[in-house]
Amino acid sequence: MTNTAKDKADAAEVVVSGKGVGKTFAGGSVVALEGANFDIERGKFISLVGPSGCGKSTLLRLVAGLIDRSSGELKVHGTSVKGPRQDISMMFQKATLLEWRTAIENVLLPTEVHRKPTRDDRTRALELLGMVGLKDFAFSYPAQLSGGMQQRVALARLLQTGADILLLDEPFGALDEFTREHLNVELMRIQADVGATTLFVTHNISEAIFLADEVFVMTSRPGRIAKVVDVNLPRPRTLKMQVEAEFNHLVEEVREALGAF
Amino acid sequence: MAVAEEITEAGAADAPRRGNVWRRRLLTHLAIFLAIVTLWETGVRAGWLDELFFPRPTDILVSFWRIYISQGNVWYHLYISLGLVLAGFVGGSLLGVGLGAIVGFNPLMRRFLQPYVIVLEATPRIAVAPLLIAILGFGAQSKISIIVLVCFFAPFINTLSGVVNVSPEKLELFRSLGVSKLQTLRKLVLPDAVPVIMAGERLAMTAALTGVLVAEFIQRDVGIGSLILTYTRNLNMASAFACIFTLTIIGFAIFKGMEIADKRIAFWNHEEGRERLSARRRRAFEAKGRA
Ligand SMILES: Nc1ncnc2c1ncn2[C@@H]1O[C@H](COP(=O)(O)OP(=O)(O)OP(=O)(O)O)[C@@H](O)[C@H]1O
Ligand SMILES: [Mg+2]
């Protein structure tokens, strides 16, 4: 309960903000993203949805500091993004685990590249593996895990960084529908638990709405944020909500913004 | 293949059957081997094969006895040759892996060195051997450099391609974690290239064995290659064959040894390796928890 009280107190704090953010490739001939304006408040879950090539990954990689923007201003925690930073962590469509490391060693990687892991770090890593339901697989190598389990290890690794801004680029896109729904529910629970601000890219409109506080609807050529749809469904969310009228209303709204009717 | 699958799929309950399969296979191998040897022996005795070039298997056996036990002269030559193989292999590998990593990790260097790599790849390395002897003179150092030369290339090219072909996704992950270049090389690029490097090392080992023979054929003083040359010139073919079969056994041992090394070093590519290490990690962890 104190959590929600705290949430309300910080509600206005903007952690990521973009003013006219643009990105061009190939010497300016490809406009991947144009004039993106947005404010993301602390602890919010944001879904980015849009057709292929509309610049979702580009926007995420800009925020992560993996690529430089061509125009505009992009701030994280009030400072301009100049490169990768420790308060942001990113997860990709592929699990990208290191095959020669066990699950727990993979989870510890973000710690290990900066300092020697302590006993506390290892305890935390085990805890996170437990959180994603892999307590019994901490010492398994990636090749001994299924695709869905590998992606959960990647999720635990994402959380091990301790970053308070999480960027997920179609993290469960390569998985089957059941596993994906299951992991989505887990992700929501964990995100609420750690209170991290989250940007989540997906192709799937229902998934985008189901997870998010706000949906950034993007359109292509040039890539831009066409509309921000507020999702005021109560939390915790259940899969059943997806068949309710209010949910379908939101789907309609997103589709409209996409021009997909 | 079918037999192998049958064996791996056989469970504990099938153990007796598995034993039978093994025994049958062993007997078949033995029968074929004996048939070849007998055919050879009778061929020579009947005069179908020229005894000058094809000594009787029984004579070869006698030669084995002589060079290993009664005279015992082969040991010294083996010691010299295998010492050279080891030195050349280690030198060539270190050079190959080191340069491969440096060139692979450095795009600028790669661009400018690419043409020379192609030229080097197209040139039979052994052709340079006489030149090396001219430069370094006769003796161990020129022999070792010949072996280094023939060993160098496979580890070099494999390390290079292993380093270049690291998945861009993993590199991006490391970049997003803010990992330094050196750490990325140590924790991502090199381990990722290990299986390919090991494949290169296997080729290098085979090349080293050939290399030492060529080196010893060119400068005939000591070593198993020189010994073969001496025996053949003296028309002591039985002893020459004994030396050649010795090399067969060494070659086979090296091949098996490299296979075992690969399973240990690139363990994550092998099912048993993963399971062994996984269990060991778990035990180590549990032991620490109890302490
Ligand atoms: N490194 C790059 N070089 C050149 N063009 C690029 C590069 N990265 C992205 N683009 C271009 O920018 C546009 C947006 O790409 P982006 O990857 O952001 O799309 P996306 O919305 O993530 O698509 P998808 O849903 O298929 O992943 C595309 O037209 C793409 O071709
Ligand atoms: Mg994308």
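Residues numbered from 1 in each chain as written. Chains lettered and ligands numbered in written order. Predicted model: local features only at pLDDT ≥ 70, side-chain atom pairs only at ≥ 80, totals over all residues. Heavy atoms only, no water.

Caption draft 1: Quick look at the pattern of salt bridges. Under the criterion given, the structure shown has 26 salt bridges over all chains. Put simply, Lys94(A) and Glu169(B) hold a salt bridge, and the shortest N to O gap is 3.2 Å. Of this pair, Lys94(A) sits in the loop between strand S6 (88-91) and helix H3 (103-112) while Glu169(B) is found in helix H8 (residues 168-176), placing the two residues in two different chains. A salt bridge links Glu105(A) to Arg281(B); the nearest nitrogen and oxygen atoms lie 2.8 Å apart. With Glu105(A) in helix H3 and Arg281(B) in helix H12 (residues 271-290), the pair connects residues from two separate chains. Three or more residues are tied together by salt bridges with common partners; here these are Arg202(B), Lys256(B), Glu259(B) and Asp262(B). (Salt bridge = Lys/Arg side-chain N within 4 Å of Asp/Glu carboxyl O. Helix = DSSP H or I, 4+ residues; strand = E, 2+ residues; numbered from the N terminus.)

Caption draft 2: Structural view of the site of ligand 1. Residues and elements named next belong to chain A. Ligand 1 sits among Phe25, Ala32, Ser52, Gly53, Cys54, Gly55, Lys56, Ser57, Thr58, Glu170 and His203. The separation between an oxygen atom of ligand 1 and a polar side-chain atom of Lys56 is 2.8 Å. Between ligand 1 and Thr58, the relevant distance is 2.5 Å, taken from an oxygen atom to a side-chain nitrogen or oxygen of the residue. When ligand 1 is considered free in solution it has 630 Å² of accessible area, and contact with the protein chains removes 60% of it. Of the residues belonging to the shell around ligand 1, the class tally is three nonpolar, six polar and two charged. (Near = heavy atom within 4 Å. Polar contact = N/O pair within 3.5 Å; in protein donor to acceptor, adjacent residues only side chain to side chain. Areas by Shrake-Rupley, 256 points an atom, 1.4 Å probe, with all protein chains shown as cover. Nonpolar A, V, L, I, M, F, W, Y, C, P; charged D, E, K, R; others polar.)

Caption draft 3: Seen up close, the sheet that holds strand S5 (residues 79-80) of chain A. All names here are of chain A. The sheet built from four strands is open, its strands ordered S2-S1-S4-S5 with antiparallel pairing. The open sheet has two free edges, formed respectively by strand S2 (30-41) and S5, since each of these has just one partner strand. Relative to S5, strand S4 (residues 71-76) runs antiparallel, the two sharing two bridges. Bridge assignment links Lys75 to a residue of S5, and that residue is Ser80. (Pairing = 2+ DSSP bridges.)

Caption draft 4: Layout of the sheet that holds strand S7 (residues 165-169) of chain A. Residues and elements named next belong to chain A. The six strands lie next to each other as S6-S7-S8-S3-S9-S10, forming an open sheet whose pairing is mixed. Two strands close off the open sheet at either side, each with one partner strand: S6 and strand S10 (224-230). Pairwise comparison of adjacent strand axes, ignoring direction, gives a mean angle of 20 degrees for this sheet. With five bridges joining them, S7 and strand S8 (residues 197-202) adopt parallel strand pairing. Along S8, the bridge assignment pairs Leu168 with Phe200. Here helix H5 (residues 147-160) sits on the sheet and contacts S6 and S7; the angle it forms with S6, its principal contact strand, is near 175 degrees. (Axes fitted to C-alpha atoms, helices over the stretch in contact; angles between N-to-C directions. Contact = heavy atoms within 4.5 Å.)

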